[in-house]
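Close look at the chain arrangement
Single-letter residue listing:
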Amino acid sequence: MTFPCRLLAPLALLCAGPASAGTLYQVGPTKPFANLQAVASLLTPGDVVEIDGNVTYPGGVLLQEHGTAAEKITIRGLRVGGNRPRISGGGDGIKLDADHYVVEGLDITASTNRCLFLQGNDLLVRDTVVHDCPAHGILGADGETGDMTLEHVEVHHCGSGTQFHQVYMATDNTMFPQATFRLRFSWIHDANGGNSVKSRAGRNEIHYNWIEGALFHELDLIGADGQPAGLVREDSEVVGNVLVKSAASSGRIARVGGDGTGDSSGRFRFAHNTMLLGAASGTAIAIQDHVESLQVSDNVIYRTSGGAFTVVRTAEQVGTALHAGQNNWIQSGATNIRPEWTGTVQGASPGFTSLATWDLVPAAGSAIENAGLLPTSGPAGAPFPNPLVLPLYHPPVRTVGLPGSAQARPTAGLIDIGAYERSIVVPSLTIDDVTVTEGDAGPVPALFTVRLSPAASQEVTVTYATANGTATAPADYIAASGTLTFGVGATARQLGVGVVGDTAVEPDETFTVNLSNAVGATLADGQGLGTISDDDAPPLLGLELAHGMSLTRALGSAADTFRLAQAPRASYEVVVDAASGDVSPVILERLAADLSSVLQTGVAVGTGTSRGLRWHNTSATAVTNQPIRVRSGGCTTDCGADDTYRVRAWETTDVMPRFNNAGTQVTVLLLQNATHRTVAGTAYFWSAAGALVGSQAFNLTPRGALVLNSSGVPGVAGQGGSVTVAHDGGYGALAGKSVALEPATGFSFDSPMSPRSR
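What you are looking at is a predicted structure, and each value in this text was computed from that prediction instead of being measured. (Residues numbered from 1 in each chain as written. Predicted model: local features only at pLDDT ≥ 70, side-chain atom pairs only at ≥ 80, totals over all residues. Heavy atoms only, no water.)

1. What to know about the overall build of the chain
Along the chain, the regular secondary structure elements total two helices and 62 strands. Over its C-alpha atoms, taken along the principal directions, the chain stretches across nearly 105 × 65 × 40 Å. Looking at the 758 residues of the chain, the share that counts as buried comes to 51%. Counting only contacts in the chain whose residues sit at least 6 apart along the sequence, the fraction spanning at least 24 positions is 71%. If you sum the accessible surface of the chain, you get close to 29800 Å²; carbon and sulfur atoms cover 52% of it. (Helix = DSSP H or I, 4+ residues; strand = E, 2+ residues; numbered from the N terminus. Buried < 20%, exposed > 50% of the residue type's maximum accessible area, 1.4 Å probe, protein only. Contact = heavy atoms within 4.5 Å. Areas by Shrake-Rupley, 256 points an atom, 1.4 Å probe, with all protein chains shown as cover.)

Okay, structure coming up:
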């Protein structure tokens, strides 16, 4: 999830990007335009209208200016105090009589005719609530209407009698024969009358919704009205929904086919839904008029009050239909189960986790767990065209979330019957890396921790064995192998490898511990790196560098070597300048522990003879054996007292004292590269107790900016603490802050980034 720059006004420069092709219009009590109608006639492709929330604006808005497929017109409500802008009243609250629009973030209510009237092509409505409309809540016209999508939309307390509905959609099959109505991630509930969702569209895709509480039918998927008969075969796919009849409603879960004014003659597919009938409802699916085919697969069909009911009613059907179905769970005592269906499971209860709290996830060991079938198939000769083979998301549970908040449906094991999947988490194994100082004699233990997450419900075993790298056994370490066993509830085990100490001056060396043959778990990280840190470097004559130090020295007849202690996951800069006499050209180097191998050579700083080193210690342990050497390319053996230079050093690690992703807050990190060179680094996230919970590498181009939603960093979601930023950009190269956001209210808490205290 990303956050728009308007929420981050204090750092607007960090968010700046390419200019939009359109114009931004702002609506609100203190903005240039008082209401939406005032800008309606000004709109052109690519324009964006932002409307301040927590304000009620007049309905009766007519939008007739078209966008394009590449540059849609966007009408966007901005929450203020957690409240959307409200459009209230008018014959139509908003009539959208144009093509290529996005409408989002609105509250539309109390219109006398239709709260939201859609008549156009390529229309998207999202993150919007429509409620308390005495006639239709949302109406799609049957003339000049093409593709329409409703997502993350809530509609309630709309409709009246038998002719007015909460959602009533249609498409123009003459003008747009391929048009589709899509409804997804939405909550339609508590109708005052009519159906929850009625559609006469050429194709319906009803995916991942919670729909309940119609006066009549939850879904009424029927033929076009006012279109030539047989112009388009109207097909409907209903996948991954919860469809609930209230106790007092005598209607159907779904009626398909026709209603006397229009006949679809279509193909219908119901798959992976949970259908709950109430005490007054006696039919799950009813066929009326002509239907070519009906496929019903992997659905739960259950009457919460008990008693017999009809699964598929055909009393009003005209002609015949082809049927297919697989692996449905149907309550015992139900009638009219199609004989063509295979793998049907029946019982007294499907085994939800808790129907009383609307937790419809299969309980462990229930009849619907791992009892579904993939792929499903339609009847021979009339399969559903371009079906959604696998349900990808769970429907919202009597709510409607923000765009991007949909919960992915797990895919482990066989699929469960119904709209929800019981998540069976197979534990995974990881092994930590270890650094150990060798000492002068040994062995010194290198303790590797093998972790299991989550704790297993049964015993887990894994084998391990060491392998040579630059370190070899038995000279540098003692080879080891064996098996680790995790009992029920265990999450960590340790294994030790002996490191052989000596007094030889040598580079740091490495070996690995490799996991294999895991039983009862998977291997997420099966290799641990063991680093043997050499502690035998000779003394460096007491030349120490520390943060902020500035030291001027005569070079003398040999190179100068300085010690600089590096903290874990920190960054540093060393600069040599002000060279005098014969020192120039000065050579600046970072050495390995053997005082010979060059890890890094200084580069030019500015346009003079100065040289600089910038680096990032990515290790989890301190580094004390990488000296800094200064030597001359001029007076290599005969430098004198007048051949001087200045050396300066800084730790460049920055810190943000606070981030918070707990509760409903989300923290965004903002970083800007203030230099003319590319800067690479890593943001480290620390718990309040000082434990590393996650990290995110970054690469910033010259003058570039980064906006990072920290809740998307692995391990950081739900956490809080502080942030450190280590990089190769030099002291003061980066500016930034962390911003803790409360999306529902727009509240933000800023924590500026500053150099780490030392």
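Having seen it, we continue.
2. Examining unusual backbone geometry
With an omega dihedral of -10 degrees, the bond running from leucine 374 to proline 375 counts as a cis peptide bond. Examined against the element boundaries, proline 375 turns out to sit in the loop between β34 (359-362) and β35 (428-431). A cis amide bond links alanine 473 with the next residue in sequence, proline 474, at an omega value of 5 degrees. Along the chain, proline 474 turns up in the loop between β38 (460-468) and β39 (481-486). Backbone geometry places histidine 157, a non-glycine residue, at a positive phi of 55 degrees. Positive phi is not limited to glycine here, since aspartate 190 has a value of about 55 degrees. Inspection of the secondary structure puts aspartate 190 in the loop between β16 (187-189) and β17 (197-200).

3. Some points on the state of the cysteines
Considering all chains together, one arrives at two disulfides under this definition. Here cysteine 635 connects covalently by a disulfide to cysteine 639, the sulfurs 1.9 Å from one another. Measuring handedness by torsion sign, the sulfur bridge of cysteine 635 and cysteine 639 sits at about 90 degrees and is right-handed. Here cysteine 635 and cysteine 639 have matching classes, each one buried. In the chain, numbering the disulfide-bonded cysteines from first to last in sequence yields the connectivity 1-2, 3-4. (Disulfide = S-S within 2.5 Å.)

4. A look at the confidence of the model for the chain
Averaged over all residues, the pLDDT of the chain is 91; the fraction at 70 or higher stands at 95%. When the criterion is pLDDT under 50, residues 1-20 qualifies, and its contacts beyond four places in sequence or with other chains add up to 30 contacts. (pLDDT = per-residue confidence, 0-100.)

5. Things to note about the sheet that holds β35
Pairing between sheet strands relies on hydrogen bonds along the backbone, with the strands arranged either parallel or antiparallel. With mixed pairing, the four strands of this open sheet are ordered in space as β40-β37-β35-β42. Bordering the open sheet on either side are β40 (492-499) and β42 (522-525), each of which pairs with just one other strand. Along the sheet, successive strands turn relative to each other by an average axial angle of 25 degrees, direction set aside. Sheet topology places β35 next to β42; three bridges connect them, and they run parallel. Pairing of leucine 429 across the sheet is with leucine 523, part of β42. (Pairing = 2+ DSSP bridges. Axes fitted to C-alpha atoms, helices over the stretch in contact; angles between N-to-C directions.)

6. Things to note about the pattern of salt bridges
Side chains bearing opposite charge may pair, as long as their charged atoms lie close to each other. Following the criterion strictly, the structure yields 35 salt bridges and no others. Among the salt bridges present, the one from arginine 756 reaches glutamate 651, with a minimum N-O distance of 2.4 Å. One end of the pair, arginine 756, is in the segment after β62 (754-755); the other, glutamate 651, is in strand β53 (residues 644-651), and 105 residues separate them in sequence. Judged by relative accessible area, arginine 756 falls into the partly exposed class, the value being 22%. One connected set of salt bridges, linked through shared partners, spans Lys198, Arg200, Asp220, Arg255 and Asp259. (Salt bridge = Lys/Arg side-chain N within 4 Å of Asp/Glu carboxyl O.)

7. Focus: the nonpolar core
Ile75, Leu118, Phe181, Leu219 and Phe270 are the most contacted members of the largest nonpolar core, which totals 69 residues. Take this core: its biggest share by element is five residues, from strand β13 (residues 148-158). Ignoring any residue separated from it by four or fewer positions in sequence, one finds phenylalanine 181 in contact with Met148, Leu150, Val167, Met169, Val197, Ser199, Ala201, Arg203, Asn204, Glu205 and Ile206. Counting residues in hydrophobic clusters, the runner-up holds 24 residues, among them Val434, Val450, Leu484 and Phe486. (Core = buried A, V, L, I, M, F, W, Y, C linked by side-chain atoms within 4.5 Å.)

8. Quick word on the side chain of serine 571
For serine 571, the position within the fold is in strand β47 (residues 570-577). Polar contacts involving the side chain of serine 571 include one to the main-chain amide nitrogen of histidine 727, which spans 3.1 Å. The residues contacting serine 571, other than those within four sequence positions of it, are Trp615, His616, Trp650, Glu651, Thr652, Thr653, Ala726 and His727. (Polar contact = N/O pair within 3.5 Å; in protein donor to acceptor, adjacent residues only side chain to side chain.)

9. Details of the side chain of aspartate 235
By the secondary structure assignment, aspartate 235 is in strand β21 (residues 235-239). A distance of 2.7 Å separates polar atoms of two side chains, one belonging to aspartate 235 and the other to arginine 233. Ignoring sequence-local partners within four residues, the contact set of aspartate 235 consists of Gly202, Arg203, Asn204, Gly266, Arg267, Phe384 and Pro385.

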